[in-house]
Amino acid sequence: MKTVVVGMSGGVDSSVSAYLLKEQGYKVIGLFMRNWDANINNDISGNPTLQDAICPQEKDYNDALAVCEKLDIPLKRVDFIKEYWDYVFSYFLEELKKGRTPNPDIMCNKYIKFDMFLKKAESLGADFIATGHFARLQDGKLLRGVDENKDQTYFLSQVSKEKFERVLFPVGSMTKKEIRTLASSLGLITASKKDSTGICFIGERHFTQFLENYLPNIPGDIIDIETGKKLGEHIGLMYYTIGQRKGLQLGGDTDKIFVVGKNLDKNHLYVAYGENNPYLFSDACLIEEVNLLTEEEISTCTAKFRYRQKDIPVTVKKCGEDYLVTYETAKSVTPGQACVLYDKEVCLGGGIIKEVYKKGEKLWYL
RNA sequence: UGCCUCGUAGCCAAGCGGUAAGGCACCACACUUUGACUGUGGCAUUUCGCUAGUUCGAAUCUAGCCGAGGCAG
């Protein structure tokens with residue numbers, strides 16, 4: 001009998017995952033992870049649950065425990081608070097300081113869930129680990145989750161290929177609706193629990209206030225990139241991402257205003273009018289830290305530059321350590337975000353967007 | 001100083017006697033394991049610079065005042 005350690009988050013997906021594995025005849029052990037502590041991590045300002053009698057993680061643990069008791073499997077717990085800070089959150093802050101838009105959840109999967117957690121599971125005697133991700137593994141390949149609205153392969157793109165040999169995604173071939181229906185019929189208390197959002201393990205935060213706990217905000221000018229005119233003032237470059245519209249507190253025109261770039265030296269935020277403004281578009285980007293999930297050479301495939309964005313056709317070419325990804329046109333391609341490559345259902349891996357180009361020229365304003 | 005124009009929510013801006021369009025911003029919700037994007041809804045009835053009139057009824061007409069421009073000088 002093979003042993004599987006399931007990452008129990010206290011949500012419905014991992015609850016059903018544990019059930020399915022048990023049905024399939026595995027010896028199942030639940031493992032609850034706690035990677036964030038609001039007090040230790042100074043997560044004070046902008047934290048909506050700070051005053052709650054029991055913190056959200058404790059509620060989640062209780063839910064996970066209730067599910068495990070129902071399924072008659074043991075539940076253990078482990079803390080990676082320091083590791084999460086060192087490998088995920090520090091990276092997150094460093095990237096923000098550089099004016100980029102990091103994706104902490106991608107690093108969380110790479111360093112915590114599919115590394116630290118995996119090692120911990122092995123020490124508990126695991127042959128495999130399992131999570132409630134919406135993704136599938138077939139013949140060593142990572143496939144999109146069947147529920148295309150919930151597919152999470154984007155977040156798994158930085159996990160190295162060999163890790164997946166010891167991973168199971170039991171709910172990857174189900175839709176969210178099927179999962180909830182099954183959970184409900186089993187009487188699991190997580191059946192109708194709301195999907196969690198926000199940074200994984202941290203949760204929803206008022207972004208501006210949240211960051212103020214960690215980074216100094218340095219106000220500067222908001223500049224219309226087309227005229228060079230000052231339109232207003234921003235509260236700190238790290239609060240804005242490319243393509244963002246909300247939070248500029250600028251109005252007065254009939255058209256919408258979007259963030260198109262930043263200048264760290266001058267502490268300027270560049271904006272432009274209109275959702276189809278040329279400054280928002282590009283036709284190529286250079287990606288770094290490329291992690292491939294296939295042995296085969298990649299030339300043409302599809303890619304997405306942000307989670308839940310539609311795939312677009314691209315061509316890929318190795319360029320030293322990095323890869324050059326070219327495409328007809330894409331909007332709001334943002335340094336720091338992941339570019340994830342696909343061949344139909346197969347996730348080929350991806351990289352982190354480093355530079356963005358248009359007509360052979362690097363976009364100077366990013 | 002004389003003459004002219006203008007003053008509508010945080011911003012832009014319709015309305016020109018019949019009981020305050022719209023856009024941007026902002027807020028809420030939906031969507032969402034990354035900060036978005038997107039969608040839906042809310043958002044001036046102690047109201048239209050202030051005061052006093054005309055009128056059944058005014059942001060819309062009249063007078064004065066205040067304020068912002070402009071033309072004469």
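Structure's up top.
Parameters and conventions
- Residues numbered from 1 in each chain as written.
- Chains lettered and ligands numbered in written order.
- Predicted model: local features only at pLDDT ≥ 70, side-chain atom pairs only at ≥ 80, totals over all residues.
- Heavy atoms only, no water.
- Near = heavy atom within 4 Å.
- Polar contact = N/O pair within 3.5 Å; in protein donor to acceptor, adjacent residues only side chain to side chain.
- Helix = DSSP H or I, 4+ residues; strand = E, 2+ residues; numbered from the N terminus.
- Nonpolar A, V, L, I, M, F, W, Y, C, P; charged D, E, K, R; others polar.
- Buried < 20%, exposed > 50% of the residue type's maximum accessible area, 1.4 Å probe, protein only.
- Arc of directions from axis to C-beta.
- Contact = heavy atoms within 4.5 Å.
- Phe/Tyr/Trp six-rings, centres within 6.5 Å; stacked < 30°, edge-to-face > 60°.
- Lys NZ or Arg CZ within 6 Å of the ring centre and 35° of its normal.
- Axes fitted to C-alpha atoms, helices over the stretch in contact; angles between N-to-C directions.
- Parallel < 35°, antiparallel > 145°, perpendicular 65-115°, else oblique.
- Left-handed = near helix turned anticlockwise from the far one by under 90°.
- Disulfide = S-S within 2.5 Å.
- Pairing = 2+ DSSP bridges.

I keep staring at the protein's contact with RNA strand B and nothing clicks. Help me out?
Close to RNA strand B lie 44 residues; His133, Lys150, Met238, Tyr239 and Tyr240 are nearest. Backbone atoms, meaning sugar and phosphate, form 62% of the atoms of RNA strand B found within 4 Å of the protein. Gln337 places a polar side-chain atom, nitrogen or oxygen, 2.6 Å from a base nitrogen of RNA strand B. For the surface near RNA strand B, the element with the most residues is helix H4 (residues 104-123), which contributes four residues. Residues belonging to the surface near RNA strand B are distributed by class as follows: 14 nonpolar, 17 polar and 13 charged.

Explain helix H6 (residues 176-186) here, please?
Note on helix geometry: an α-helix contains 3.6 residues per turn, so any two residues three or four positions apart are oriented the same way. Residues Lys176, Ile179 and Ala183 constitute the buried set of H6. When H6 is viewed along its axis, its buried side chains cluster within an angular range of 60° and face the same direction. Turned more than 90 degrees away from the buried face of H6, the exposed residues are Lys177 and Ser185. Structurally, H6 contributes buried residues whose contacts are with helix H1 (12-23).

Got a minute to help me understand the packing of aromatic side chains in this structure?
Both the distance between ring centres and the angle between the ring planes are used here to describe each pair of aromatic rings. Applying the stated criterion across every chain, the model contains 25 aromatic pairs. A centroid spacing of 6.1 Å and a plane angle of 75° characterise the contact between Tyr84 and Phe201, whose relative ring orientation is edge-to-face. Within this pair, whereas Tyr84 is found in helix H3 (residues 81-97), its partner Phe201 is found in the loop between H6 and helix H7 (207-212), the two being separated by 117 residues in sequence. In this structure Tyr84 comes out as buried when scored by relative accessible area, which is 0%. Through a chain of ring-to-ring contacts, the aromatic side chains of Trp36, Tyr84, Trp85, Phe89, Phe92, Phe201, Phe210 and Tyr214 assemble into a single cluster. Here the guanidinium or amino end of Arg77 rests over the ring plane of Tyr61, the centre of that ring lying 4.2 Å away. When the ring centre of Phe258 is taken as reference, the NZ or CZ atom of Lys331 above it lies at 5.7 Å.

I keep staring at the packing of H3 against H4 and nothing clicks. Help me out?
For any two helices packed against each other, one specifies the crossing angle of their axes together with the interaxial distance. Across the interface, H3 lies against H4 with an axial gap of 9 Å and an inter-helix angle of 160°. Comparing the axis directions of H3 and H4 gives the class roughly antiparallel. Seen from above, H3 lies across H4 with right-handed handedness. Where H3 approaches H4, its residues Glu83, Tyr84, Tyr87, Val88, Tyr91 and Phe92 are matched on the opposing element by Pro104, Met107, Cys108, Tyr111, Ile112 and Met116. Taken together, the residues that form the contact of H3 with H4 break down as eleven nonpolar, no polar and one charged.

Which parts of the structure should I look at to understand the state of the cysteines?
Joining two cysteines, a disulfide is a covalent bond between their sulfur atoms. Going through the model one piece at a time under the given rule, you end up with zero disulfides. No disulfide involves Cys108; its sulfur sits 5.0 Å from the nearest other cysteine sulfur, which is in Cys200.

Can you walk me through the pairing of strand S14 (residues 312-319) in this structure?
Side-chain positions along a regular strand alternate between the two faces of the sheet. Strand direction decides the pairing type here: strand S13 (residues 300-304) and S14, joined by four bridges, are antiparallel. Considered in S14, the bridge of Thr302 is made with Pro313. Of the pairings in the sheet, the one linking S14 to strand S15 (residues 322-331) comprises five bridges and is antiparallel in character. Looking across to S15, one finds that Lys318 is bridged to Tyr323. The antiparallel pairing of S14 with S15 creates a hairpin that spans two residues between the two strands, and Gly320 there sits at a positive phi of about 70°.

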